[in-house]
Structure formats: C-alpha cells, structure tokens
Amino acid sequence: MVDIYADDAVLVVKPGKNAVGKEQIRKAFEAIATYFEHTLEVKQAGLEILEAGDTALVLAKTLVTAKGQPDMERKATYVFKRNANGTRVCVIDNSYGHELLEPQV
C-alpha cells in the first residue's frame, strides 16, 4: 500500500501525530491495523478533485468503520503530485481534514 505514497509523504496518523516517509507510514499502517484488530474499513462516499499542473487536491467524504467502534464520517483532504514516471503519488494524506484545526482534548 505504501507504493501510492511519495518517498517524503506525510500521513496524519491522528491529530498531533504524523508519519513522514514510506517507512514511518508502513509502520503506522501496521500499528493501526493491529489496534483495530484488522477490521478497519475505509470507503470514499464522495470525491472532488481539483487539479493544477502536476498537483491534485482531493476532498473526500470518508466513511470509517471498525469492530467495536462507532461509525465515523470524515471530510478528508489529500494532495497528490505527478512523479517522474507520470504516476500520481500521495504527498499528504489527511483523513481528518479540517478537524486538525479543532482543539484536541
């Protein structure tokens, strides 16, 4: 799964905690899968893609479910860039969207 990320990509693991680079992102995904007992399911319920040159901003309505957790809807924000091969790779993965602006308790 980390192949869709740029080498220096940023993944928002949770507000206040980011994984940077493919190795940290891989470790974060492994920890997330373990935490949710491999039941985490993420679906996109709507997308808006804004493109400018080699950059794409993706706004998504994301539905998140996992065993023993309440279902959540997030308004995610992703940024993709075209790499040297012409393939788009994710450089910022922020499934929390504007929630990052809210005070954390």
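You'll find the structure just up there.
As the structure is a prediction and not an experimental result, all values here were calculated from the model.

Caption draft 1: Here's a closer look at the pairing of strand β2 (residues 17-20). Where strand β1 (residues 5-14) meets β2, four bridges bridge the pair, whose relative direction is antiparallel. Within β2, the position partnered with K14 by the bridge is K17. What sits between β1 and β2 in their antiparallel hairpin is a turn of two residues, with G16 showing a positive phi close to 90°.

Caption draft 2: Examining the nonpolar core more closely. By size, the foremost hydrophobic cluster in this structure holds twelve residues: V2, Y5, A6, A9, L11, A19, I25, A28, V79, V89, C90 and V91. Where this core is concerned, the elements lending two or more residues are β1, α1 (21-35) and β6 (88-94). For this core, the leading source of residues is β1, giving four residues. Apart from the residues lying within four places of it in its own chain, the contact partners of V91 are A6, A9, V10, V79, F80 and K81.

Caption draft 3: Representation of the sheet that holds strand β3 (residues 41-52). Taken in spatial order, the six strands of this open sheet run β2-β1-β6-β5-β4-β3, and their pairing is mixed. The open sheet has two edge strands with one neighbour each: β2 and β3. Looking at each pair of strands side by side, their axes are set apart by 25° on average, direction ignored. With six bridges connecting them, strand β5 (residues 72-82) and β6 associate as antiparallel partners. Residue pairing across strands places R82 opposite R88, the latter belonging to β6. Sitting on the sheet, α1 touches β1 and β2, and the angle it makes with β1 is about 35°.

Caption draft 4: Here's a closer look at unusual backbone geometry. A positive phi angle, close to 50°, is found at E37, a residue other than glycine. Among the structural elements, E37 can be located in the loop between α1 and β3. Despite not being glycine, H38 has its phi angle at roughly 60°, a positive value. Looking at where H38 falls in the secondary structure, it is placed in the loop between α1 and β3. What makes H38 exposed here is its relative accessible area of 64%.

Each value, and the rule that gives it
- Residues numbered from 1 in each chain as written.
- Predicted model: local features only at pLDDT ≥ 70, side-chain atom pairs only at ≥ 80, totals over all residues.
- Heavy atoms only, no water.
- Pairing = 2+ DSSP bridges.
- Helix = DSSP H or I, 4+ residues; strand = E, 2+ residues; numbered from the N terminus.
- Core = buried A, V, L, I, M, F, W, Y, C linked by side-chain atoms within 4.5 Å.
- Buried < 20%, exposed > 50% of the residue type's maximum accessible area, 1.4 Å probe, protein only.
- Contact = heavy atoms within 4.5 Å.
- Axes fitted to C-alpha atoms, helices over the stretch in contact; angles between N-to-C directions.

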